[in-house]
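Spelled out, the chains give:
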Amino acid sequence: MMRQSIQNNRYILLLVGLLVAACNGTRLLPEGEKLYTGVEIKLESTGKISKSQKRSIKTIASTGVRPLPNKRFLGMRPKLWRYMVAGEKPKTKLQKWLKKGGEEPVYISSVKPGVTAEIIDSKLFNIGIFKSYSEYKIIEKKKTASIVYTSHIHKPYVIKDLNYEFADTALSRTILLEKKKTLIKPGKDYNLVDLKNERIRLDALLKNHGYFFFNPDYLLFKADSSAENQTVSLKLTVKDSIPDNALTVYRINNVLIDQDYSLTNRPNARKKDSVRFNNYVFLNGKPGMNIKPKEVLRSVYLKKDEIYSRQNHNITLNRLMSLGNFKFVQVKFDESDTIPGFLDVNILMTTLPKRSFRSEIDIVSKSNKYTGPRANVTLLNRNTFDGAELLNLNLGGSFEAQLSGQNKNLYTYSFNPGIELIYPRFLLPFKLKRSNSIYIPKTQISFSYNYLKRVDYFDMQTFQLTYGFKWKENSRKDHEFNPISASYTSLGNQSEAFKALIHDKPFLEKSYEEQFIGGANYTFTYNEQVLQGKKMQYYFQGTAETAGNMFSLIKLISGENPSAQNSSNIFGSIYSQYAKFSIDARGYYNISPKNKLAMRVFTGVGKPYGNSNILPYNRQFFSGGPNSVRAFQINSLGPGTYLQNNGNQGFLQLGGDIKLEMNAEYRFDIYRFFKGALFVDAGNVWLQKSNPSNIGTPFVFSKFMNELAVGAGVGLRFDVSFFILRFDLAMPLRKIPELEDNFRWVTNEINFGSSAWRRDNLVLNIAIGYPF
């Protein structure tokens, strides 16, 4: 038996070896040609250079290597093989297809190592290794050849000092304003990239001080190196011959604003009537389309007689585009024909339609076996009160039914109209100082109503009102503060069957009580995914919410003493009182442009107090589902070691006061729009010890790690940037079995060949967008 196994292994190894050899492509090389397989770079140094510095130098030297060899995958060159099999002149469709996805061979005869050695030396010169020289040696084998480059280097030259020499006094004074912010620091290694970036920095500084026609290429660094000390003295000046207007400080003259500029009918722009408002000239456009001049000027930072500033230019452009009323915004500058040193400004805006209508209809299939159509219609008005206010009228509805299971006659339908009004400014009773941010703050007022009918169980009505603000601190930091967030939920037409279901679950029965929630919430988001090219990107979102405190304070002032045992009413309904906090922290490690490792930790805690002893149902934490622990049905985990079995109803899930989830996902490209993923999830929810319910086990710090459910799986995503359709197939690795009070590993029970195991354990999640 052992001999047969060894023999089989030999056959497998032989087969793998033949496959690798076949896909290498080298056996199809033309006579006399050898495949170029790449380079090795060696460094020979004089003087002491640290290992980390050598690694950095080698990396920079490698950027000068040309050409790149054919790509390899697991020791093979499949793209080269496809090209070689297809031949130089493919005739059949198969040959053409093979060649189209193939890769042309790179021969050693096409490589020019002498030229590459010079390029490597120039790369090293740019980082202060001024006297390097590189040699090369070609290493030939039977079918392949590689090159070894040896660079003889010394320690990079260090910047000794930076001096400024300008004939123009005003220019010199402006540049010296921010001398401390220079990127050229004494003691730092010389680097050409730093010099280029310093020129760009100074150009931005000058443009913010009126030098509209200045260009970074007008700045010149002169270097004086000392071989004895290996230092460089730099002198910054301007080139001898630059245009006169580059040294002129410009001011703003006339500012013309056209809110109805047409890209296809430009000559007619000057024929429009005009009106002057606060030293600005407004061209009249279509009736009913114009935003009030006062509101437009909130976003215009270019003022008559002020010195031109590129910063104000960009603020104006970004703020006008952020209004959501314009398709295009252009800011054009022309030298004044009448006043030297002044710029005439034309702000040209192409409007979007004032009203737009959108309708959507789709089929929803949920993991609780409810399936059915959903429709939504939206009417948007982009200039409701002539102040760029966005009015969004929304009407949605759905019908869902259980198509399988014991209660496949269950169905629900919902009806949910809503209205949202967004002001492009802070709507406050007091005045705020004008901000220089490129982002527009927004005030959002929304009201919605939702009617849900679960046939044979209950009717639920929910009213929600929100008044709040959204603003961006910068491209990475977002804030949202809702000082008023109120909702009222009532349950009607409760059937005897429904009452019987929740009678044995007081915690759930309490959650479904009529309730009023009135409070405030704040969310801070930090997102580095907007920073392209960053190897490690971080995301953080923290949310804090409180409710009921104002009502309890009013009750106390009036002489009442609200508590969970003696609940008080507001507007005829018991109001909820609690505090809730959550943190969503993520890390995205970009291994390569096509491979990424995504990780997330979510934790949250809610505490009812005063007028409440449990959290409202829609404020509890839930775990399980497409964006959570994907190996378990939606909202089915916990609380604690409690095993939920709501398959027959699909809506009686239990939540918790505390939540912890951890996710890790390796994402990779498969082919074009198709992406793949391997993932593992862990999480659960718990009740606090103070919760009156005895469902499951409460959160205990010494035990919670043993009560985490764990799942893993594979994913397939269809990603076309604006739309992502996700399929995640997951299975549990650790779960709570029936009649047991703890979680246990079930990896030894995995049996893909068993239909019963697949039915009970495999969970297919279909969702839109990435899970995190």
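Residues numbered from 1 in each chain as written. Predicted model: local features only at pLDDT ≥ 70, side-chain atom pairs only at ≥ 80, totals over all residues. Heavy atoms only, no water.

Here's the deal with the nonpolar core
Side chains that are nonpolar tend, in soluble globular proteins, to be buried together. The following threshold applies: Take the buried Ala, Val, Leu, Ile, Met, Phe, Trp, Tyr and Cys residues and link them wherever side-chain atoms come within 4.5 Å; each set so joined is a nonpolar core. Buried means the residue's accessible area, taken with a 1.4 Å probe over protein chains only, is under 20% of the maximum for its type, while exposed means over 50%, and partly exposed covers the values in between. In this text, helices come from DSSP runs of H or I with a minimum length of four residues, and strands from runs of E with a minimum of two, each type numbered from the N-terminal end. By the convention used here, residues are in contact when the closest approach between their heavy atoms is within 4.5 Å.
If you look at the biggest cluster of nonpolar residues, it comprises 25 residues, and the most contacted ones within it are I257, F333, V345 and I347. Looking at this core, the elements with two or more residues in it are strand 7 (251-258), strand 9 (280-283), strand 10 (326-335) and strand 11 (342-351). Here I257 is in contact with Y280, V281, F282, L283, V296, L297, V300, I347 and M349, once residues within four sequence places are set aside. In this structure, L162, L202, L219 and L234 belong to the second largest nonpolar core, which totals 23 residues.

Observations concerning the sheet that holds strand 2 (residues 133-140)
Spelled out, the test is: Only when DSSP finds a minimum of two bridges between them are two strands counted as paired. Angular values range over 0 to 180 degrees, each being the angle between N-to-C directions of two axes fitted as lines to C-alpha atoms, with helices fitted over their stretch in contact.
The sheet built from three strands is open, its strands ordered 1-3-2 with mixed pairing. Each edge of the sheet is formed by a strand with only one pairing partner; in this case those strands are strand 1 (35-46) and strand 2. For this sheet, the mean angle separating the axes of adjacent strands, direction not counted, is 20°. Summarising the sheet, strand 1 and strand 3 (residues 144-154) pair through 10 bridges and their orientation is parallel. Directly across from E44, in strand 3, lies its bridge partner H152.

With respect to the environment of T63
Applied cut-off: Polar contact criterion, stated in full: a pair of N or O atoms within 3.5 Å, where within protein one must be able to donate a hydrogen and the other to accept it, and residues adjacent in sequence count only if both atoms are side-chain atoms.
Tracing the backbone through its elements, the reader meets T63 in the loop between helix 2 (51-62) and helix 3 (78-86). Separated by 2.4 Å, the side chain of T63 and the backbone oxygen of I60 make a polar contact.

Quick word on the sheet that holds strand 11
Pairing between the strands of a sheet comes from backbone hydrogen bonds, and it takes one of two forms, parallel or antiparallel. If you walk across this open sheet you meet the five strands as 8-9-7-11-10, and the pairing is mixed. Of all strands in the sheet, those with a lone pairing partner are strand 8 (274-277) and strand 10, marking the two edges. Across the sheet, the mean angle separating the axes of adjacent strands is 20° when strand polarity is ignored. Direction of pairing for strand 8 relative to strand 9: antiparallel, over a ladder of four bridges. Of the residues in strand 9, the one forming a bridge with S274 is L283. Strands in contact with helix 9 (residues 310-322) are strand 10 and strand 11; relative to strand 10, the strand with the most contacts, it is inclined by about 155°.

Quick notes on the pattern of salt bridges
Quick reminder of the rule: Every case where a carboxyl oxygen of Asp or Glu lies within 4 Å of a side-chain nitrogen of Lys or Arg is listed as a salt bridge.
Under the counting rule described, the total for this entry stands at 31 salt bridges. Residue D478 is joined to K472 by a salt bridge in which the shortest nitrogen-to-oxygen separation is 3.2 Å. Taking the relative accessible area as the measure of exposure, K472 reaches 27% and is therefore partly exposed. Note that K659 and E661 form a salt bridge whose closest N and O atoms lie 3.6 Å from each other. A relative accessible area of 2% means that E661 is categorised as buried.

Considering helix 2
How we decide: Here the expected span of a helix is defined as 1.5 Å times the quantity of residues minus one. Here the arc refers to the directions that run from the helix axis out to each C-beta atom.
For helix 2, built from 12 residues, the straight-helix expectation of 16 Å at 1.5 Å per residue is met to within 8% by its first-to-last C-alpha distance of 16 Å. By the burial criterion, the buried members of helix 2 are Q53, I57 and A61. Each buried residue of helix 2 sits inside an arc of 75° when the element is viewed along its axis, so together they form one side. Those residues of helix 2 that are exposed and aimed more than 90 degrees away from the buried face are K51, R55 and T59. Check the buried side of helix 2 and you find it contacts strand 1, helix 5 (113-125) and strand 3.

A few points about the packing of aromatic side chains
Rules: When two rings of Phe, Tyr or Trp (its six-membered ring) have centres within 6.5 Å they constitute a pair, described as stacked for plane angles under 30 degrees, edge-to-face for angles over 60, and tilted for the intermediate range. Only lysine NZ and arginine CZ atoms are considered, and such an atom sits over a ring when it is within 6 Å of the ring centre and within 35 degrees of the ring normal.
Scanning the entire structure with this criterion turns up 32 aromatic pairs. Relative to W757, the ring of F752 lies with its centre 5.2 Å away and its plane at 75°, an arrangement referred to as edge-to-face. Here the basic side chain of R82 rests over the ring of W97, its NZ or CZ set 4.2 Å away from the ring centre.

Side note on the confidence of the model for the protein chain
What counts here: One number per residue, pLDDT, summarises how confident the predictor is, and it ranges from 0 to 100.
Per-residue pLDDT for the protein chain has a mean of 88; in total, 91% of the residues score no lower than 70. Highest mean pLDDT in the protein chain belongs to strand 20 (residues 536-547) (97); lowest belongs to helix 1 (residues 2-23) (46). Below pLDDT 50 for its whole length, residues 1-21 participates in three contacts with residues either more than four positions away or in separate chains.

Comments concerning the pairing of strand 18 (residues 477-492)
Examined bridge by bridge, strand 17 (residues 458-472) and strand 18 share 13 bridges and lie antiparallel to one another. Residue pairing for strand 18: Y467 is matched across the bridge by I484. A loop of four residues connects strand 17 with strand 18, the two strands running antiparallel in sequence. The sheet contact formed by strand 18 and strand 19 (residues 515-527) spans 11 bridges and is antiparallel. By the bridge assignment for strand 19, D478 is matched with T525.

Observations concerning the side chain of S490
You can see S490 is positioned in strand 18. Among the residues examined, S490 registers a relative accessible area of 13% and is labelled buried.

Concerning helix 7 (residues 192-207)
If you check helix 7, its first and last C-alpha atoms are 23 Å apart, about what 16 residues at 1.5 Å a residue would give, namely 22 Å. Here helix 7 has its buried residues at D194, L195, E198, R201, L202, D203, L205, L206 and K207. On the buried face of helix 7, the contacting elements are helix 6 (169-175), strand 5 (219-226), strand 6 (231-238) and helix 9. The N-cap residue of helix 7 is N191: its side-chain oxygen and the backbone nitrogen of V193 are 2.9 Å apart.

Structural notes on unusual backbone geometry
Here R66 and P67 are connected by a cis peptide whose omega angle stands at -5°. Within the secondary structure, P67 sits in the loop between helix 2 and helix 3. In this model, G638 is joined to P639 through a cis peptide bond whose omega is 0°. By the secondary structure assignment, P639 is in the loop between strand 24 (595-608) and strand 25 (658-671). Here the phi dihedral of N278 falls at roughly 50°; this positive angle occurs in a residue that is not glycine. The exposure class of N278 is exposed, given its relative accessible area of 54%.

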